Amino acid sequence: MLTMLVIALHELGHAFTLKHYGGIVKEIGLLFMCLIPGCYTDTTDQYSLVRRKQRLLVVAAGVLIQVTIWAFAVWIWLLSQSNPIWHQISYLLMVAAMLTVAINLNPLNKFDGYYLLVAGTGINNLRQRSFDFYVDLLRREEIEEAAETQWILAAYAPLSIVYTVWAFTYLMSLIGNWVLLNIPIFSP
């Protein structure tokens, strides 16, 4: 429940920041990822903003909201030691805020960290362009990317692959362990 609240406020941070800079928020809604409810905001109009700093702030607004929530929760947690209910709620809010920040800031997922990297570097479609960079390299075709962006493109694809393989392997090992621990054993 607290995680949903943090995510909803996070998405409103994106929306209000885009509106502040004159952008149009086309859609805000609810979605389900792996049967877990979440919120989303369509901030694609940020690409119409001329200043890179404004685009960065639109993307960063959600994380800034989460860090603010975390700081607020820390203060409540520190001041509420005599009230066990508020102490526990504030602790859970701290955890929810920081957990979603950690997941969100990973640039190897297409969450805010990725879009911050895109806005910060100015390399639109970073993931696709990074893989296309290697396709061109393997085909020995001329690489049409600017020299200053080639190192980012060269680093992103392998890091993305390694991270995806690691995350998938870890998830499959968790599922495999759960199945092995919970599968009924039939004896003849």
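Residues numbered from 1 in each chain as written. Predicted model: local features only at pLDDT ≥ 70, side-chain atom pairs only at ≥ 80, totals over all residues. Heavy atoms only, no water.

Any details on the layout of surface pockets? Residues and values, ideally.
Taken as a whole, the largest pocket encloses approximately 1200 Å³ of empty space. In this structure, the largest pocket is lined by 33 residues; those nearest its centre are Ile7, Met33, Ile103, Asn104 and Phe111. Elements with a contribution of two residues or more to the lining of the largest pocket: helix H1 (2–20), strand E1 (28–33), strand E2 (36–41), helix H2 (52–79), helix H3 (84–104) and helix H4 (112–121). (1 Å grid on protein atoms, 1.4 Å probe; cavity = no way out; pocket = protein on both sides within 12 Å on 5 of 7 lines; lining within 4 Å. Points joined across faces, edges and corners; volume = space filled by probe spheres on them. Helix = DSSP H or I, 4+ residues; strand = E, 2+ residues; numbered from the N terminus.)

So, the pattern of salt bridges: which residues are in play, and what are the values?
A full pass over the atoms with the stated rule returns one salt bridge. We note a salt bridge from arginine 129 to glutamate 145, for which the minimum N-O separation is 2.5 Å. Remark: glutamate 145 occurs in the loop between helix H5 (126–138) and helix H6 (147–182) and arginine 129 occurs in helix H5; sequence separation between them is 16 residues. (Salt bridge = Lys/Arg side-chain N within 4 Å of Asp/Glu carboxyl O.)

Before we move on, can you summarise H6 with the specific residues and values?
The terminal C-alpha atoms of H6 lie 54 Å apart, and with 36 residues this matches the ideal 52 Å at 1.5 Å per residue to within 8%. When we look at burial in H6, the residues that qualify are Thr149, Ile152, Leu153, Tyr156, Ala157 and Ser160. In this fold, the buried residues of H6 make contact with H4 and H5. (Expected span 1.5 Å × (residues − 1). Buried < 20%, exposed > 50% of the residue type's maximum accessible area, 1.4 Å probe, protein only. Contact = heavy atoms within 4.5 Å.)

Please give an account of the nonpolar core that cites residues and values.
Membership of the largest hydrophobic core is limited to nine residues, which are Leu108, Tyr114, Val118, Ile123, Leu126, Phe133, Ile152, Leu153 and Tyr156. At the level of secondary structure, the elements contributing two or more residues to this core comprise H4, H5 and H6. Ranked by residue count, the leading element in this core is H6, at three residues. Look past the residues within four positions of phenylalanine 133 in its chain and what remains in contact with it is Ile143, Gln150, Leu153 and Ala154. Within the second largest apolar cluster, eight residues are counted, among which are Val6, Val74, Leu93 and Met94. (Core = buried A, V, L, I, M, F, W, Y, C linked by side-chain atoms within 4.5 Å.)

An account of unusual backbone geometry is needed here, citing residue identities and associated values.
Positive phi is not limited to glycine here, since asparagine 125 has a value of about 55 degrees. On the secondary structure map, asparagine 125 appears in the loop between H4 and H5. On the basis of relative accessible area, asparagine 125 is assigned to the exposed category, the value being 55%. Look at arginine 140: it is not a glycine, yet its phi comes out positive at around 60 degrees.

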